[in-house]
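Summary of structural features
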Amino acid sequence: MKRSLTRNWQTALCAVMLLISAVVPATARAQAPADLSAALTTRGEDVVRLLRGDPIEADVFTTNFLNAVPPEQFRALVRQITAQHGPPEQIISRQPLGSNGTSLRIRFAKAVASVNMEIEAANPHKIAGLVITGFEAAVGSISDVVAAIDALPGRNGLLVMRLDEEKRKPIAALDPDGRYAIASAVKLYILAELDRAVRAGERRWSDVVTLGPKSHPSGISQNWPDNAPMTLHTLTTLMISVSDNSATDTLIRVIGQKRLAAMVRASGHSQPDDLRPMLMTRQSSALKMPIVSDVRTRFLAAGPDERTRIVSAEDARLLLPSIDFQILTGQPNFIDQIGWFASPGDIVRLLAYLDREAGPEARAILAINPGIGPEAQRNWPYLGYKGGSEPGVMSMNFLLRSQSGQRYAIAAHWNNSAAPLAESEFVALVTRLVNLLAER
């Protein structure tokens, strides 16, 4: 909940993706002119050499690229990548991308990377843009993915269901009824309640409310003016697409605990009191701080009704000034006791509810941020996603529709109260699972 998952899962790649001088549009596909084909092949092999650590940056990158990413910085990023995924081995596929680009799939020892490359149209055809868009684990089957997730340190939960076969055996399962911290995945419940209210005529997506109370990042609205007028549609879009915490807290205030609790029950949560009250993001973070240890002690000893009264009465102490961000972003902190909790089965039932009931606006909002690389996303006509993360917690959840019209839900959780998580490894495994499911 503390940071956007889209930033977390590519920790080793973010600087490359942000600093590259030319990024290839992922949807622009065309055959490269014949005089560029040989150069694209050569430069593709150069990318593999670069990822192996060959010091050839000055020979293969344009001046603009080198100004944005100096060789030492690039090599440091490569070292991070290979530490996580092993050394690169070979290019396993190439696809045209624009008039002078190519989309490469490069096998590493532990994963397969999707890489977009663009070269200069004129000699010497140096590399002008390079973006690693994602990794998927190099495993052969869904059962291999399940075994690899199960081997991760800590506790791991997974459920994969075909939604027209909910009463049948799941496609994959790993502790599907276990209780897990889910961080920002709780925002799916808020989306579901807003959608219900709109369909019932109680609200409109165009309704305007004031922004606040403010929370900490992830998100962007914490930097906007206090009490700024915002539509429910804008707040919900920020909440789902960039996991905006201030937008989330505003929506919790506007909706109210009674309606949120009713949605948690209606969606089939097995232990709905685990989400009573549905804490605001700043409240959850503040409750983990030493400065409010007295409030935390009472909160943890209380039942759901009393917890709700405590949070309401002590809200003035659960504000941003009480939060120590070194604690917030360091080691796992009360992840089994304070936050938002659900099983993989609970989240699959929530996704099934959205699949049955959600209107077009809610579905469109859920599909803005795919949570995984564009290569995996293109395998699905519809891919809805919401994840969540904080130190020691990851949750990745998908609502999918295949080319043949089959509908699936995936809920994948990883908790470790003893240490931060190797987030990119989990994302690579879940990405591979999504790709294998598309091949069924």
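The rules behind each value
- Residues numbered from 1 in each chain as written.
- Predicted model: local features only at pLDDT ≥ 70, side-chain atom pairs only at ≥ 80, totals over all residues.
- Heavy atoms only, no water.
- Helix = DSSP H or I, 4+ residues; strand = E, 2+ residues; numbered from the N terminus.
- Rg over C-alpha atoms; globule rule 2.2 N^0.38 Å.
- Buried < 20%, exposed > 50% of the residue type's maximum accessible area, 1.4 Å probe, protein only.
- Areas by Shrake-Rupley, 256 points an atom, 1.4 Å probe, with all protein chains shown as cover.
- Lys, Arg positive; Asp, Glu negative; His and termini not counted.
- Charge placed at Lys NZ, Arg CZ, Asp CG, Glu CD.
- Core = buried A, V, L, I, M, F, W, Y, C linked by side-chain atoms within 4.5 Å.
- Contact = heavy atoms within 4.5 Å.
- Axes fitted to C-alpha atoms, helices over the stretch in contact; angles between N-to-C directions.
- Parallel < 35°, antiparallel > 145°, perpendicular 65-115°, else oblique.
- Left-handed = near helix turned anticlockwise from the far one by under 90°.
- Nonpolar A, V, L, I, M, F, W, Y, C, P; charged D, E, K, R; others polar.
- Salt bridge = Lys/Arg side-chain N within 4 Å of Asp/Glu carboxyl O.

**Structural notes on the overall build of the protein chain**
Within the protein chain, the secondary structure is distributed over 19 helices and 13 strands. Here the C-alpha radius of gyration of the protein chain, 23 Å, is about what a compact globule of 440 residues would show, namely 22 Å. Projected onto its principal axes, the C-alpha coordinates of the protein chain cover approximately 70 × 50 × 45 Å. Looking at the 440 residues of the protein chain, the share that counts as buried comes to 56%. Looking at the protein chain as shown, the accessible area adds up to about 17400 Å², and 52% of this sits on carbon and sulfur atoms. Separation between the mean location of the 47 positive side-chain charges and that of the 43 negative ones in the protein chain comes to 3 Å.

**Observations concerning the nonpolar core**
Soluble, globular proteins show a tendency: their nonpolar side chains are buried together. The biggest cluster of nonpolar side chains holds 64 residues, and the ones touching the most others in it are Tyr189, Ile190, Leu251, Met278, Ile347 and Leu366. Looking at which element gives the most residues to this core, the answer is helix 16 (residues 344-357), with seven residues. Setting aside its immediate chain neighbours within four residues, Ile190 contacts Met239, Thr248, Leu251, Ile252, Ile255, Leu260 and Met278. Among the nonpolar cores identified, the runner-up in size contains 62 residues, and Leu40, Ala111, Ala412 and Leu437 belong to it.

**With respect to unusual backbone geometry**
Omega for the peptide link from Gly212 to Pro213 comes to 5°, which places this bond in the cis form. Its location among the elements puts Pro213 in the loop between strand 8 (208-210) and strand 9 (229-231). Residue Arg276 is joined to Pro277 through a cis peptide bond whose omega torsion reads -10°. With respect to the secondary-structure elements, Pro277 resides in the loop between helix 11 (257-266) and helix 12 (281-287). Of note, Ala183 is a non-glycine position whose phi angle comes to about 50°, a positive value. Here Ala183 shows up in the loop between strand 7 (180-181) and helix 8 (187-199). The residue Ser243 is not glycine, and still its phi comes out positive at about 50°. Structurally, the position occupied by Ser243 is in the loop between helix 9 (232-241) and helix 10 (245-255).

**Focus on the packing of helix 8 against helix 16**
When two helices pack together, you describe them by how their axes are tilted relative to each other and by the distance separating the axes. Contact geometry of helix 8 with helix 16 gives a least axis separation of 11 Å together with a crossing angle of 25°. Classed by the angle they form, the pair helix 8 and helix 16 counts as roughly parallel. Between helix 8 and helix 16 lies a crossing of left-handed hand. Listed contacts from helix 16 to Leu188, Tyr189, Ala192, Asp195, Arg196 and Arg199 of helix 8 are Asp346, Ile347, Leu350, Leu351, Tyr353, Leu354 and Glu357. Each residue belonging to the contact of helix 8 with helix 16 can be placed in one class, and the counts come to eight nonpolar, no polar and five charged.

**A look at the pattern of salt bridges**
Applying the stated criterion to the full structure yields 29 salt bridges. Arg199 is the partner of Asp195 in a salt bridge, and the nearest nitrogen-oxygen pair spans 2.7 Å. With Asp195 and Arg199 both in helix 8 and four residues apart, the pair spans about one turn of that helix. Its salt-bridge partner being Asp355, residue Arg407 comes within 2.6 Å of it at the nearest N-O pair. Placement of the pair is Arg407 in strand 13 (residues 407-415) and Asp355 in helix 16, with a sequence separation of 52 residues. Salt bridges here are not isolated pairs; linked through shared partners, they connect Arg43, Asp46, Arg49 and Asp54.

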